[in-house]
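Here are the chains, one letter per residue:
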Amino acid sequence: MRGADRTTLLEELTRIARLAGDAVMAVYGVGCAVEHKGDLSPVTEADLAAHCILVNRLEALLPDCPVVSEEDAASQAHRRGSGRFWLIDPLDGTKEFIACNGEFTVNIGLIEEGRSVLGMVYAPAIDALYRGGPGIGAWRSIGAQTSAIQVGGADGACRVVASKSHLNAETQAFIDRLGPVSLVQAGSSLKFCRVAEGRADIYPRLAPTCEWDTAAAQAILEGAGGVVLDLQGRPLRYGKPDVRNPSFIATRDAALRLA
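Analysis parameters
Residues numbered from 1 in each chain as written. Predicted model: local features only at pLDDT ≥ 70, side-chain atom pairs only at ≥ 80, totals over all residues. Heavy atoms only, no water. Helix = DSSP H or I, 4+ residues; strand = E, 2+ residues; numbered from the N terminus. Rg over C-alpha atoms; globule rule 2.2 N^0.38 Å. Buried < 20%, exposed > 50% of the residue type's maximum accessible area, 1.4 Å probe, protein only. Contact = heavy atoms within 4.5 Å. Areas by Shrake-Rupley, 256 points an atom, 1.4 Å probe, with all protein chains shown as cover. Lys, Arg positive; Asp, Glu negative; His and termini not counted. Charge placed at Lys NZ, Arg CZ, Asp CG, Glu CD. Pairing = 2+ DSSP bridges. Salt bridge = Lys/Arg side-chain N within 4 Å of Asp/Glu carboxyl O. Polar contact = N/O pair within 3.5 Å; in protein donor to acceptor, adjacent residues only side chain to side chain. Core = buried A, V, L, I, M, F, W, Y, C linked by side-chain atoms within 4.5 Å. Axes fitted to C-alpha atoms, helices over the stretch in contact; angles between N-to-C directions. Expected span 1.5 Å × (residues − 1). Arc of directions from axis to C-beta.

A. How the structure looks around the overall build of the chain. Helix and strand counts for the chain come out as 6 helices and 14 strands. A compact globule built from 259 residues would reach a C-alpha radius of gyration of about 18 Å, and the chain, at 17 Å, matches this within 12%. In terms of overall dimensions, the chain has a C-alpha envelope of 50 × 45 × 40 Å along the principal axes. The buried share among the 259 residues of the chain stands at 54%. Sequence-distant contacts in the chain: of pairs separated by 6 or more residues, those separated by 24 or more amount to 62%. Accessible surface computed for the chain: about 10,900 Å², of which carbon and sulfur atoms make up 52%. Side-chain charges of the chain comprise 26 positive and 31 negative groups, with the mean position of each set lying 5 Å from the other.

As structure tokens, this is what we get:
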């Protein structure tokens, strides 16, 4: 798919993401029921409502492109290293949603030949929408105001996005090797977006994630000039035999990975 076609597609994805966000917000803060999946991760009616909207709209948008969703185990049959498919997390940050802290997102990624080529991350509680892809750029919309975004440059202490719930010993050791740092807090895929918009320098994730957790935000960060690399310096790939990602570093500068 050419760059111009991807830019046009992003406009359609913006409308779809906002519809899914509306469904999430319809039950936000009203005490919706929480269930648990086989891996003990929580799922709510908001996850499922957003899932249904995304699947129906994306299938209509590109009828020949299957949709792989965290909330549909059977859909993983379409998650392959060749061809293309949508990869979605209808509600990334379900724990943040339950805690009512606003830091949860709707994630839509388009995968082609194992690479994430388009990404849409929408945080409906704060009406912040990020979109973009490698080779076409990245943008942020806060309410009605839209602007292009790009990663920042070196300026003082390294700004590190740290996960409150996943700051394990390995991640802390990596952060310690960076020297003087300032910590930036963010939930769900907003951690990538902080790097993409120049508000942070690096997000180390040395703890488990799945492909749908990273696909959309990786495309945005790469569109903004950053990288998402495993510990061997290779870009994260999609449609792998194992849905789990390796440990990775999302950063404005690949050199920071070598801390």
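B. Spatial organisation of the pairing of strand β7 (residues 128-133). Counting buried residues in β7 gives 6 out of 6 residues, a clear majority hidden from the surface. Of the two faces of β7, the one holding Ala 128, Tyr 130 and Gly 132 and the one holding Leu 129, Arg 131 and Gly 133 are both buried throughout. Here strand β6 (residues 115-123) runs beside β7; their pairing, made up of 5 bridges, is antiparallel. Bridge assignment links Val 121 to a residue of β7, and that residue is Tyr 130. The loop that links β6 with its antiparallel partner β7 comprises 4 residues; one of these, Asp 127, has a positive phi angle of about 50 degrees. Between β7 and strand β8 (residues 137-142), which pair antiparallel in sequence order, lie 3 residues; one of them, Gly 135, sits at a positive phi of approximately 90 degrees.

C. Highlighting the side chain of Arg 131. Here Arg 131 lies in strand β7. The side chain of Arg 131 sits in the buried core without any salt bridge; Glu 11 is the nearest counter-charge, 4.1 Å away. A distance of 3.1 Å separates a polar atom in the side chain of Arg 131 from a polar atom in the side chain of Ser 141. Setting aside residues no more than four positions away along its own chain, Arg 131 makes contact with Leu 10, Glu 11, Thr 14, Gly 119, Met 120, Gly 137, Ala 138, Trp 139, Ser 141, Thr 146 and Ile 220.

D. Broad picture of the pattern of salt bridges. Enumeration over the complete set of coordinates arrives at 14 salt bridges. A salt bridge links Glu 197 to Arg 194, with the nearest nitrogen and oxygen atoms 2.9 Å apart. This pair shows no difference in class: Glu 197 is buried, exactly as Arg 194 is.

E. How the structure looks around the nonpolar core. By size, the foremost hydrophobic cluster in this structure holds 35 residues, and its most contacted members are Leu 87, Tyr 130, Phe 192 and Leu 221. Breaking this core down by element, the ones donating at least two residues are β4 (84-92), β6, β7, α5 (190-196), α6 (211-223) and β14 (248-251). With 6 residues, α6 is the single largest residue contributor to this core. Excluding anything up to four places from it in sequence, Leu 87 contacts Val 68, Asn 107, Ile 108, Gly 109, Ile 111, Glu 211, Trp 212, Ala 215 and Tyr 238. If you look at the next biggest cluster of nonpolar residues, it comprises 31 residues, including Leu 9, Leu 10, Cys 65 and Tyr 122.

F. Seen up close, the sheet that holds β8. Taking strand neighbours across the sheet as the criterion, the 7 strands line up as β3-β4-β5-β6-β7-β8-β9 in an open arrangement whose pairing is mixed. Each edge of the open sheet carries a strand with a single partner, namely β3 (67-69) and β9 (145-148). The sheet shows a mean angle of 15 degrees between the axes of neighbouring strands, direction not considered. Packed onto the sheet, helix α2 (residues 45-61) meets β3, β4 and β5 (105-112) and runs at close to 155 degrees relative to β4. α6 rests against β4, β5, β6, β7 and β8 of the sheet, and its axis sits at about 100 degrees to β6.

G. Just α2, in detail. Taking 1.5 Å per residue as the helical rise, α2 with its 17 residues ought to reach 24 Å, and the 24 Å between its terminal C-alpha atoms agrees with that figure. Ala 46, Asp 47, Ala 50, His 51, Leu 54, Val 55 and Leu 58 are the residues of α2 that are buried. The arc that holds the buried residues of α2, viewed along the axis, is 150 degrees, so those residues lie on one side. The outward face of α2, more than 90 degrees from its buried face, is lined by the exposed residues Asn 56 and Ala 60.

H. Spatial organisation of helix α4 (residues 169-176). Residues of α4 that are buried: Thr 171, Phe 174 and Ile 175. All buried residues of α4 lie within an arc of 100 degrees about the axis, which places them on one face of the element. Facing away from the buried side of α4, by more than 90 degrees, are the exposed residues Ala 169 and Asp 176. Contact partners of the buried residues in α4: β10 (158-162), β11 (181-185), β12 (202-205) and β14.

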